[in-house]
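Coordinate analysis (summary)
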Amino acid sequence: MKLSELSRRDWFKNVGLGLGAAAVGVSASQDASADFVTKKVAQRGTEYTGKDAVPCTLSDGKVSRPASEIPAVSETDVLVVGGGPAGCCAAIAAARAGVKVTLVERYNHFGGLATGGLVLIILGHWTTNKAGEKVQVVQGLGEEMMQRLEKLPNGICNRNFGRNPTIDAEVYKYLLVEMLMESNIELFLHSWAIDAIVDDSPDAKTGNPVVKGAVIQTKLGPQAILAKQVIDTTGDGDVFAYAGCAYTRRLYHIGLPCRLGNTDKIHVEPGTKVPYIGDITPIKGVRWLNMQGPDADGLDVRELTRLELNSRRQIWKNYMNLKNTPGCEDVFLMETAPQLGVRITRVLEGTEEMTLEGAKAGQTFDSCVGYGGAWQGDHIGWQIPYGSLISKNVENILTGGRSICGAPNMSELLRVIPNCWSSGHSAGVAAACAVKQNCTARDVNLDEVRRVLKEQGAYLG
């Protein structure tokens with residue numbers, strides 16, 4: 001018998017080993033290397049001639065994409081595009097309200113900048129009322145997440161009344177998977193929204209276009225997801241821009257956070273100046289450092305590439321400066337954020353706009369569906385009007401997170417994690433209610449939206 005004809009069982013028998021001994025005495029790596037001749041190869045697979053491909057064409061220096069039918073991979077009640085803090089809350093809230101939900105995320109994890117961006121501090125869910133008392137105005141799903149993080153090893157630290165806690169990115173990634181799967185949400189990772197699906201007929205009441213889903217890019221090409229309501233929580237307003245919604249495009253700080261390890265092993269002589277080592281995390285000896293970065297266009301791929309490269313060089317320079325400080329030799333660069341820290345790009349033009357002056361003055365809205373907090377809890381809470389979540393010129397698309405309608409001076413408040421939880425939660429419940437009421441998102445019964453939000457633990461004043 002030729003060696004190539006030996007089975008795995010015969011091979012072990014011939015070399016004097018029983019299967020039991022092999023299982024105990026041969027590691028997986030040893031087995032793989034020893035048995036390479038007889039290992040089964042992958043099947044040949046399905047062959048394609050290439051005749052079905054519809055590539056772009058180049059003619060007279062112009063690139064064109066031919067028209068082609070896009071397969072629909074899903075049909076759902078509420079489609080949420082973007083699985084960051086706002087998107088995860090929107091999806092979970094809508095599912096708990098009793099409708100079918102689909103969530104699309106371009107990365108291999110959920111949590112957005114709170115996880116992949118290593119923005120670990122939960123900043124902005126506290127306020128101070130007129131009596132000078134601290135009030136937590138972001139509750140509901142955000143509060144539930146923090147409570148569940150408390151029960152997980154190294155999930156959260158500084159979880160005390162009136163403080164801004166810090167989470168661990170990996171633990172939060174895991175928690176979001178659990179919460180999303182518990183809610184029976186249809187999930188698509190590794191998928192990027194590349195277009196909106198708009199009905200052939202405009203809305204009979206407003207004459208506006210009506211969104212009916214989105215097109216996502218996958219390794220199998222473009223695929224369509226049809227939906228009764230769409231929530232754009234991409235952060236960059238990708239879907240509402242494709243749908244034709246009016247929006248503002250802004251430049252803002254873009255940076256790249258990182259984490260350092262062994263910071264608890266720093267031992268310097270008195271008087272030695274230690275470079276900045278960042279803020280604590282739930283893991284002993286690990287600190288995270290934010291990077292503010294310059295104002296830039298977070299939609300320009302050349303600009304993003306330049307900033308990514310420069311940021312990594314700057315992080316390495318800072319790290320070597322720290323490591324070369326006597327007493328800091330054991331510190332190591334643990335991780336740079338997989339996602340660049342883009343803070344603001346597109347902001348929806350809604351039917352109601354929030355301003356910082358209004359927030360600090362206690363401006364109220366009849367359409368209030370949520371509350372946001374202050375960075376350090378140093379002023380009163382501000383109301384989130386429903387009109388900040390819906391487009392002024394397109395139907396059945398909502399947004400949540402940093403892209404909701406607010407003046408430029410509201411950007412710092414709108415984009416922080418707890419306030420994204422709050423607006424995402426509101427958008428998810430509103431979309432679910434619109435599905436159940438068989439109406440456009442614009443015409444949803446806000447009393448019912450508020451009732452469901454309160455049922456889910458949200459703070460509405």
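The coordinates are above.
From a predicted model like this one, the values you see are computed outputs, not experimental measurements.

**Examining helix α6 (residues 169–182)**
Working note: α-helix, 3.6 residues per turn, so residues spaced by three or four point in the same direction. Its 14 residues give α6 an end-to-end C-alpha distance of 20 Å, which sits within 8% of 20 Å, the value for a rise of 1.5 Å per residue. Listed as buried for α6 are A169, V171, Y172, K173, L175, L176, M179 and L180. Residue D168 occupies the N-cap position of α6, its side-chain oxygen lying 3.1 Å from the main-chain nitrogen of E170. Positioned one or two residues after α6, N184 has a phi angle of 55°, which is positive.

**With respect to unusual backbone geometry**
Excluding glycine, residues mostly carry a negative phi; peptide bonds, for their part, are mostly trans. One non-glycine residue, D60, lies in positive phi territory at about 55°. Judged by its relative accessible area of 79%, D60 is exposed. Of note, the phi angle at L118 is positive, near 55°, even though the residue is not glycine. Summarising the element assignment, L118 is placed in the loop between β4 (101–104) and β5 (126–128). A relative accessible area of 0% places L118 in the buried class.

**Examining a nonpolar patch on the surface**
Together, V177, M181 and L187 make up an exposed nonpolar region whose accessible area comes to about 240 Å². The topology assignment puts V177 in helix α6.

**What about the pairing of strand β12 (residues 221–232)?**
When you tally the buried positions in β12, you get nine out of 12 residues, the bulk of the element. Sheet analysis places strand β3 (residues 72–81) next to β12, joined by eight bridges and oriented parallel. Bridge pairing in β12 links S74 to I225. Sheet topology places strand β11 (residues 211–218) next to β12; six bridges connect them, and they run antiparallel. Within β12, the position partnered with A214 by the bridge is I225. In textbook terms, the turn of a hairpin is the stretch between consecutive antiparallel strands, and for β11 and β12 this stretch comprises two residues. Inspection of the sheet shows β12 paired to strand β24 (residues 397–399) by three bridges, in the parallel sense. Within β24, the position partnered with I231 by the bridge is L398.

Cut-offs applied
- Residues numbered from 1 in each chain as written.
- Predicted model: local features only at pLDDT ≥ 70, side-chain atom pairs only at ≥ 80, totals over all residues.
- Heavy atoms only, no water.
- Helix = DSSP H or I, 4+ residues; strand = E, 2+ residues; numbered from the N terminus.
- Expected span 1.5 Å × (residues − 1).
- Buried < 20%, exposed > 50% of the residue type's maximum accessible area, 1.4 Å probe, protein only.
- Polar contact = N/O pair within 3.5 Å; in protein donor to acceptor, adjacent residues only side chain to side chain.
- Patch = residues over 30% accessible without salt bridge, like charges linked within 9 Å, V, L, I, M, F, W, Y side chains within 5 Å.
- Areas by Shrake-Rupley, 256 points an atom, 1.4 Å probe, with all protein chains shown as cover.
- Salt bridge = Lys/Arg side-chain N within 4 Å of Asp/Glu carboxyl O.
- Pairing = 2+ DSSP bridges.

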